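So the chains spell out like this:
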Amino acid sequence: MIRLIEPTDREAWTQLWKAYLAFYETVLPDEVYASTWSRLLDPNEPTWGAFALQDGVPVGLVHWIFHRHNWTIADTCYLQDLFVAPEGRGTGLGSALIDHVAADATAKGSSRLYWLTHESNATARALYDKVAQRSGFIQYRRNLPAS
């Protein structure tokens, strides 16, 4: 079962998001957790979150963001974070989370759903190759000074 994140889910969300970030060897400051949590619960923000549940317990997490795109009139949907804890892997929850985001993006009139993964993440890439097409684009990143 997939359901949207609710205000009472802070502890479960933090645990899953920290596990996801640990996979990518990333630690974020506490203020980023607070800001992200606030955005996920604010209906005026273009960002959303949902859990995959196993026996009523959150074992998967997805975040997605709607944004404008200059090549289309409709918004585009970026699936930013996707994580399933080891106990939920291989059960179809990753696909279910992607399908949930795709359904929400479709319902909100988005023209495209896209996401990134690290080239070394073979397990995720095996799933992604089944449910989407690789764009062929390579991401470049330039960190900017904080304002």
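Use the structure listed above.
Presented here is a report on the structure given in the accompanying data block. (Residues numbered from 1 in each chain as written. Predicted model: local features only at pLDDT ≥ 70, side-chain atom pairs only at ≥ 80, totals over all residues. Heavy atoms only, no water.)

A few words now on unusual backbone geometry. Although it is not a glycine, Glu25 adopts a positive phi angle of roughly 50°. Along the chain, Glu25 turns up in the loop between α1 (10–23) and α2 (30–41). Classification of Glu25 by relative accessible area gives exposed; the value is 76%. Its identity is not glycine, yet Asp55 carries a phi of approximately 55°, on the positive side. Checked against the element boundaries, Asp55 lands in the loop between β2 (47–54) and β3 (57–69). Classification of Asp55 by relative accessible area gives exposed; the value is 79%. (Helix = DSSP H or I, 4+ residues; strand = E, 2+ residues; numbered from the N terminus. Buried < 20%, exposed > 50% of the residue type's maximum accessible area, 1.4 Å probe, protein only.)

In this section: the sheet that holds strand β5 (residues 112–115). Spatial strand order, β1-β2-β3-β4-β5: five strands in an open sheet with mixed pairing. The open sheet terminates on both sides in strands that have one partner only, identified here as β1 (2–4) and β5. The sheet shows a mean angle of 30° between the axes of neighbouring strands, taken without regard to direction. Sheet topology places β1 next to β2; three bridges connect them, and they run antiparallel. Its bridge partner lying in β2, Ile2 is registered against Ala52. Across the sheet, α1 is in contact with β2, β3 and β4 (72–84); its angle to β3 comes to roughly 75°. (Pairing = 2+ DSSP bridges. Axes fitted to C-alpha atoms, helices over the stretch in contact; angles between N-to-C directions. Contact = heavy atoms within 4.5 Å.)

Moving on to the side chain of Asn121. By the secondary structure assignment, Asn121 is in the loop between β5 and α4 (122–131). What makes Asn121 buried here is its relative accessible area of 12%. Reaching out from Asn121, the side chain makes a polar contact with the side chain of Tyr24 at a distance of 3.2 Å. What Asn121 contacts, discounting residues up to four positions off in sequence, is Phe23 and Tyr24. (Polar contact = N/O pair within 3.5 Å; in protein donor to acceptor, adjacent residues only side chain to side chain.)

As a further point, take the nonpolar core. Within the largest apolar cluster, 18 residues are counted, with the highest numbers of intra-cluster contacts made by Val62, Trp64, Leu79 and Leu82. Of all the secondary-structure elements, those providing two or more residues to this core are β2, β3, β4, α3 (93–107) and α4. It is α3 that provides the largest number of residues to this core, a total of five residues. Not counting the four nearest positions on each side in its chain, Leu79 is found in contact with Val62, His63, Trp64, Ile98, Val101, Leu113, Tyr114 and Trp115. (Core = buried A, V, L, I, M, F, W, Y, C linked by side-chain atoms within 4.5 Å.)

Right, let's talk about the pattern of salt bridges for a bit. All chains considered together, the criterion is met by three salt bridges. Among the ionic pairs, Arg3 bridges to Glu6, the shortest N-O distance being 3.9 Å. A residue is classified by how much of its surface remains accessible, and Glu6, at 36% relative accessible area, is partly exposed. Between Asp9 and Arg3 there is a salt bridge whose closest N-O contact spans 2.7 Å. Taking the relative accessible area as the measure of exposure, Asp9 reaches 7% and is therefore buried. What emerges from the salt-bridge pattern is a single network uniting Arg3, Glu6 and Asp9. (Salt bridge = Lys/Arg side-chain N within 4 Å of Asp/Glu carboxyl O.)

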